[in-house]
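# Commentary on secondary and tertiary structure
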Amino acid sequence: MNLQEHIKEIKHSFMAFRNGIVSDTLRKAGMPYNIIFGLQLPQIAEIARNNDKNLELADALWQDSGVRESRLLACYLYPLAEVNKDKAYELASSVQTIEEADILSFRLLRNLAFADALANRLSSEDSQLISYCGKALRRNLDAMA
């Protein structure tokens, strides 16, 4: 299956789990996405379990910045061995919401060998959202200690 077919299949899964009430609530709360299916994290995790970790797929989902669930699912699908310091910083620097920062930190960044240095770097950024991502990563690392 090619990448576009794979993404189409994933979006069918999003549609199957769609929750209009959650979607409407998130939209009213000011989420910046064009499309919000309203999936909750256990549903996103289930979709992740049905897909192999794959850098190309995860990147394509992360770049789909108008769809909340694409961004969150990407956090589950990045293969640790293929995320270097630059890639991790790029991802953390492009978070759009606190929810993304929290999920990215918990599902991916805290498991990287250089997570401590990354947390320090992100926490010192001027952007409040990037700095928040660093602090979320630090909380995750402290909880694992």
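Structural data are supplied above this passage.
Every value quoted in this text rests on a predicted model; they were computed, and no experiment measured them.

Where helix H1 (residues 3-17) meets helix H5 (residues 68-77), the axes come as close as 11 Å, and the angle between the chain directions of the two elements is 115°. By the criterion of interaxial angle, the relationship of H1 to H5 is roughly perpendicular. Crossing geometry of H1 relative to H5 is assigned as right-handed. Counting all contacts with H1, which are made through Ile10, Lys11 and Phe14, the residues of H5 involved are Glu69, Ser70 and Leu73.

Soluble globular proteins: nonpolar side chains tend toward being buried together. Counting residues in hydrophobic clusters, the biggest one holds 43 residues, and the most contacted among them are Trp62, Leu73, Tyr78, Leu104, Leu109, Leu118 and Cys133. Among the secondary structure elements, those contributing two or more residues to this core are H1, helix H3 (41-49), helix H4 (55-63), H5, helix H6 (85-93), helix H7 (98-107), helix H8 (115-123) and helix H9 (128-144). No other element matches H5, which puts six residues into this core.

In this section: H5. For H5, a buried count of 10 out of 10 residues is recorded, marking the element as mostly surrounded by other parts of the structure. Every buried residue of H5 is listed here: Arg68, Glu69, Ser70, Arg71, Leu72, Leu73, Ala74, Cys75, Tyr76 and Leu77. Elements in contact with the buried residues of H5: H1, helix H2 (20-28), H3, H4 and H7.

Take the packing of aromatic side chains next. Counted by the stated rule, this structure contains one aromatic pair. Look at Phe14 and Phe37: their rings are 5.5 Å apart centre to centre, the planes differ by 50°, and that puts the pair in the tilted class. Taken together, the residues Phe14 in helix H1 and Phe37 in the loop between H2 and H3 connect sequence positions 23 residues apart. The class for Phe37 is buried, based on a relative accessible area of 10%. Its guanidinium or amino end placed over the ring of Trp62, Arg71 lies 3.7 Å from that ring's centre, counting from NZ or CZ. Positioned over the ring face of Tyr89 is Arg121, at 3.5 Å from the centre of the ring.

Analysis parameters
Residues numbered from 1 in each chain as written. Predicted model: local features only at pLDDT ≥ 70, side-chain atom pairs only at ≥ 80, totals over all residues. Heavy atoms only, no water. Axes fitted to C-alpha atoms, helices over the stretch in contact; angles between N-to-C directions. Helix = DSSP H or I, 4+ residues; strand = E, 2+ residues; numbered from the N terminus. Parallel < 35°, antiparallel > 145°, perpendicular 65-115°, else oblique. Left-handed = near helix turned anticlockwise from the far one by under 90°. Contact = heavy atoms within 4.5 Å. Core = buried A, V, L, I, M, F, W, Y, C linked by side-chain atoms within 4.5 Å. Buried < 20%, exposed > 50% of the residue type's maximum accessible area, 1.4 Å probe, protein only. Phe/Tyr/Trp six-rings, centres within 6.5 Å; stacked < 30°, edge-to-face > 60°. Lys NZ or Arg CZ within 6 Å of the ring centre and 35° of its normal.

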